[in-house]
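# Examination of the molecular architecture
Letter by letter, the chains look like this.
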Amino acid sequence: MTTANQSLKPITTQINDDNHIEIGGCDLVELAQQYGTPLYVYDEKTIRTIAQQYKSAFSKYPKVSMLYASKAFMTKAVVRILDEEGFGFDMVSGGEIYTASTAGADMKKCLFNGNNKSYDELQMAVELGVGLISVDNFLELTLLNEVAKSNNKTVDILLRVTPGIECHTHEYIQTGHLDSKFGFDLTQTDEAVELIIDEYKNLNLVGLHAHIGSQIFETTIYYDEVDVLLKEMGRIKTKYGLNLTHINLGGGLGIKYTESDYPPSIDEIADKIITSIHDNAPKYNVELPEIHIEPGRSIIGTSGVTLYTVGSSKQVPNGKKYVAVDGGMADNPRPSLYQAVYTAEVANRPDDKATETVTIAGRFCESGDILIKDVKMPELKEGDILCFYNTGAYGYSMSSNYNRVLKPAAVLVNNSQSDIIINRESYENLVACDVIPERLKK
Ligand code: LLP
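Residues numbered from 1 in each chain as written. Predicted model: local features only at pLDDT ≥ 70, side-chain atom pairs only at ≥ 80, totals over all residues. Heavy atoms only, no water.

## Here we look at the sheet that holds strand β1 (residues 14-15)
Each strand in a sheet pairs with its neighbour through backbone hydrogen bonds, running either in the same direction (parallel) or in the opposite one (antiparallel). The strand order across the open sheet built from three strands is β1-β2-β3, with neighbouring strands paired in antiparallel fashion. Each having just a single partner strand, β1 and β3 (26-27) make up the two edges of the open sheet. (Pairing = 2+ DSSP bridges. Helix = DSSP H or I, 4+ residues; strand = E, 2+ residues; numbered from the N terminus.)

## Brief notes about helix α5 (residues 119-127)
Restricting attention to buried positions, one finds in α5 the residues E121, L122, Q123, A125 and V126. Summarising the contacts, the buried residues of α5 are in contact with α4 (94-102), β7 (111-112), β8 (132-135), α6 (138-150) and β9 (155-162). Just past α5, the residue G129 takes up positive phi, approximately 75 degrees. (Buried < 20%, exposed > 50% of the residue type's maximum accessible area, 1.4 Å probe, protein only. Contact = heavy atoms within 4.5 Å.)

## Details of the domain arrangement of the protein
You can read the domains of the protein as domain 1 (4-42 + 304-431) and domain 2 (44-300). Its C-alpha centre places domain 1 at a distance of 32 Å from the equivalent point of domain 2. Taken together, the contact pairs 29 residues of domain 1 with 31 residues of domain 2. It is N5, Q6 and Y394 that lose the most area in domain 1 upon contact with domain 2, and together they represent 25% of the buried surface on that side. Those elements that place two or more of their residues in the side of domain 1 that touches domain 2 are α11 (334-338), β20 (409-414) and β21 (417-422). Among the residues making up the side of domain 1 that touches domain 2, the classes are represented as 16 nonpolar, twelve polar and one charged. (Domains from an automatic or database assignment. Buried area = accessible area lost by both parts, 1.4 Å probe. Nonpolar A, V, L, I, M, F, W, Y, C, P; charged D, E, K, R; others polar.)

## Some points on the site of the ligand
Neighbouring residues of the ligand: 19 residues in total, closest S214, E294, R297, R334 and Y394. Contacts to the ligand include E294, whose side-chain N or O atom sits 2.6 Å from a nitrogen atom. Separating an oxygen atom of the ligand from a backbone N or O atom of R297 is a distance of 2.8 Å. Burial of the ligand by the protein chains amounts to 92% of its free accessible area of 580 Å². Classifying every residue of the shell around the ligand by side-chain character gives six nonpolar, seven polar and six charged. The two domains that each donate at least three residues to the shell around the ligand are domain 1 (4-42 + 304-431) and domain 2 (44-300). (Near = heavy atom within 4 Å. Polar contact = N/O pair within 3.5 Å; in protein donor to acceptor, adjacent residues only side chain to side chain. Areas by Shrake-Rupley, 256 points an atom, 1.4 Å probe, with all protein chains shown as cover.)

## What about the pattern of salt bridges?
In this structure the tally under the stated criterion is 19 salt bridges. Among the ionic pairs, D434 bridges to R404, the shortest N-O distance being 3.2 Å. Separated by 30 residues along the polypeptide, D434 in the segment after α12 (427-431) and R404 in the loop between β19 (385-388) and β20 bring together distant segments of the chain. Since its relative accessible area comes to 43%, R404 is described here as partly exposed. Each of E44, R48, K55, E84 and E85 takes part in one network of salt bridges that share partners. (Salt bridge = Lys/Arg side-chain N within 4 Å of Asp/Glu carboxyl O.)

In structure tokens form, the structure reads like this:
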């Protein structure tokens, strides 16, 4: 079965009678008029469908917990949707913990992860009853034990390890290879386990955690990841008599940014993982573990699009034609950071033939602020609304106020209804944290 991460567009995308693109039954041109641009548009049906496809793909295995990787895009409405779908949340900061808990997430189902968590963040996680903490390093073992002790609690932990698996994705989003800033090297786990057994009495080690990378198209590396983690579990069991019960495999499944991308389906990944558990658990003499899966991009990426309005253009004599839109690297830094390639269509006349090659530029004061290089589009005019697909993940969550430009709004669409889920920033919001010292006041 194909799954929604393999689709270029939200699953409700269609062209309506006005020859406009619509998503979730909402005309994108009308959304642009009503809410302004740039505008992030999220399709609730796509989010829920992918979440359900994850649950169904893993339903063949009895012990699975789904955690949404909040870093991909977190706002309270998204927490509500995924909480309703039965997901917990993988969180990496006090801000993500605060958002999850104030939106009513089930904190017992959540995990706190990260390579340099502060004492205060650990304190917050323990006080709010976050179910699991993935401990990344030796300092954190000490800090967390102190926090747990002062709260009179025993905290369930995973050890984040680097499994030594390289995936073929952008260097900046690989994490599982040995030379990585994340987690314990497998040569360091013995020392960590011994400290937990002998000294850190308020920590209860229940399993191992790894994440190989992001925007992954290979399936066999998930098989290998399970193999490495089960082998390590078996080794720890033999050496210390400690029965670990959980493995968290991270996220990473890729999505289709362009027609030439062919990410695997969720079922293919699930099958590899489950097969590897059945093959390898007996081999290393460990019980079938509870598994945790932490998808981010593959849940929310395809579900979101960004709308921009076309403004000025420039034809370089004997060179490129640049067409500028009203957003760019501050609302989507991925093209300039990772050379990410996107697909765009004209929302107000999607049927028009692509006749010229243009470079779609952002509005920010940097030559590198290019959203799509050399793409064939219909002749673009001022006022056209461009729909960029697959911007749902790591767009808003990595956005900035570069050039003091206001962050866009986000709306959720479903059954012909649109609701604001993030207000457009105002100039008041923008200066809200600015302070002029008394002596500089005018
Ligand atoms: N779990 C852990 C421990 C992670 O570090 C990540 C992502 C995920 C889960 C979710 O991975 P996903 O399913 O979204 O691939 N900003 C980059 C992506 C960075 C991913 C960091 N970790 C980008 O825009 O491509």
